[in-house]
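This is what each chain is made of:
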Amino acid sequence: MKMPDTTPLRPLAFQRENRDIHLALMRGSQAYLAERGDHRFADRGMFAKVLLLILVCAGFYALSLQQQNAWAYFGCYVGFIFSAMMLTVNVVHDASHNAFFKQARLNHWLNFIVSIPLGLDADCWRVRHVIFHHAYNNIEGYDPDIEPNGVLRQTPFQQRKTFMRLQQYYWPIVAALTFPYYIWLFDWLDRAGKTRMTPKMMLQGRKGWGVFLLSKLAHFTLALAIPLWLMPPEVSATAIWLTYLLSQMLSSLVFVMLIVGTHWAKANFYQVPEQGKMVHGWYQHLFSTTFDWQATPRWVGYWLGGANLHLTHHLFPHWSHRHYPALAKIIAEVAAQHGLDYQCLDLKTLLQMQQRFLGTMGKP
């Protein structure tokens, strides 16, 4: 894996936007809230969902500690880590954008707590996702989600290696290793000042390190130390370590496929011109780089934290994902009126487009 770049980014601007698009989206969304007498943050249903996910996560964890053989332990532990990933998708994704509570501090502490089971540092995730990815998605050198990693060619501007002609077949392995790399390498590099993320962290210095180390220690204790201490001899230490790694890899694969895959499928990537100003406006950029896709049955999208409506998330990042289906309808109407490319794909088509894109990037 190539180490992250610490070179400061050049200022970047977009062309002046068609104000009619912005006004149409804002008026439509505000009319929707006014009609319902609602707000854009979490409601009681969201709190109930989070509580249920916490109970499921805790239940699988407690169940895993009661098993007497490695395979039963593995099955329960996968449920624990997968539930932790679902917490991240449903809670951290919203709270990082201050879309769960109205108070930013409450969002920050909610993120800290629910991130412990999976192990990702909430502040590092917030900086990478909110400050960099959302501001520069699919822009070479600016979007951390498409940084060159030496094993996948994700944009036409990155170096191609011979073995990458097979990347549409081996990419799931790379995607599966994303969580382990972030938890045990990139989070640490971000905190240690080795990446562009460090100056944007909410907490700096000793306080930042203290909270960071507390979260990592809590994750290690919960996810590994307690099982290593309590499990019977029939579940060996090797089985516990392998179970941890494989569980993280499985949840990572699902997460990357849902989040990054929509940008791969659209297959439009950009470099920053010398003058530092993009050739198009902000809304045009989002519609040219991101898809929505429809989960089947539709209720699956609710439990995926609205991750399937990814363009909707980029256009309305500060809204709770409970509103995404209604917002997607507003976006579709505005896009049709202004000639913007809005598509809501089925999952099969999305995966086919991802494969086609990765295959194209791997060819000479």
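Residues numbered from 1 in each chain as written. Predicted model: local features only at pLDDT ≥ 70, side-chain atom pairs only at ≥ 80, totals over all residues. Heavy atoms only, no water.

Regarding the pattern of salt bridges
In this structure the tally under the stated criterion is eight salt bridges. In this structure, Arg-126 engages Asp-123 in a salt bridge whose closest nitrogen and oxygen atoms are separated by 3.0 Å. Residue Arg-126 and its partner Asp-123 are located together in helix α5 (residues 122-136), separated by three residues, close to a single helical turn. Considered together, Arg-126 and Asp-123 belong to a single accessibility category, that of buried residues. In the salt-bridge network here, residues are joined through shared partners; they are Arg-36, Asp-38, Asp-43 and Arg-322. (Salt bridge = Lys/Arg side-chain N within 4 Å of Asp/Glu carboxyl O. Helix = DSSP H or I, 4+ residues; strand = E, 2+ residues; numbered from the N terminus. Buried < 20%, exposed > 50% of the residue type's maximum accessible area, 1.4 Å probe, protein only.)

Brief notes about the environment of Gln-159
Checked against the element boundaries, Gln-159 lands in the loop between α5 and α6 (167-176). Classification of Gln-159 as exposed rests on a relative accessible area of 61%. Along the sequence, Gln-159 and Thr-312 sit 153 residues apart, while their C-alpha atoms lie 32 Å from each other. Look past the residues within four positions of Gln-159 in its chain and what remains in contact with it is Arg-153 and Met-164. (Contact = heavy atoms within 4.5 Å.)

Notes on the UniProt feature "transmembrane region" (unreviewed entry) in the protein chain
According to UniProt, the feature "transmembrane region" (unreviewed entry) maps to residues 46-64, 70-92, 169-189, 209-230 and 242-265 in the numbering used here. A helix fraction of 100% and a strand fraction of 0% characterise residues 46-64, whose end C-alpha atoms lie 27 Å from each other. A helix fraction of 95% and a strand fraction of 0% characterise residues 169-189, whose end C-alpha atoms lie 29 Å from each other. (UniProt positions renumbered as here; feature names shortened; annotations may be inferred.)

Observations regarding the environment of Leu-189
One can find Leu-189 in helix α7 (residues 178-191). Since its relative accessible area comes to 15%, Leu-189 is described here as buried. As for Leu-189 and Cys-124, which are separated by 65 residues in sequence, their C-alpha atoms are 9.8 Å apart.

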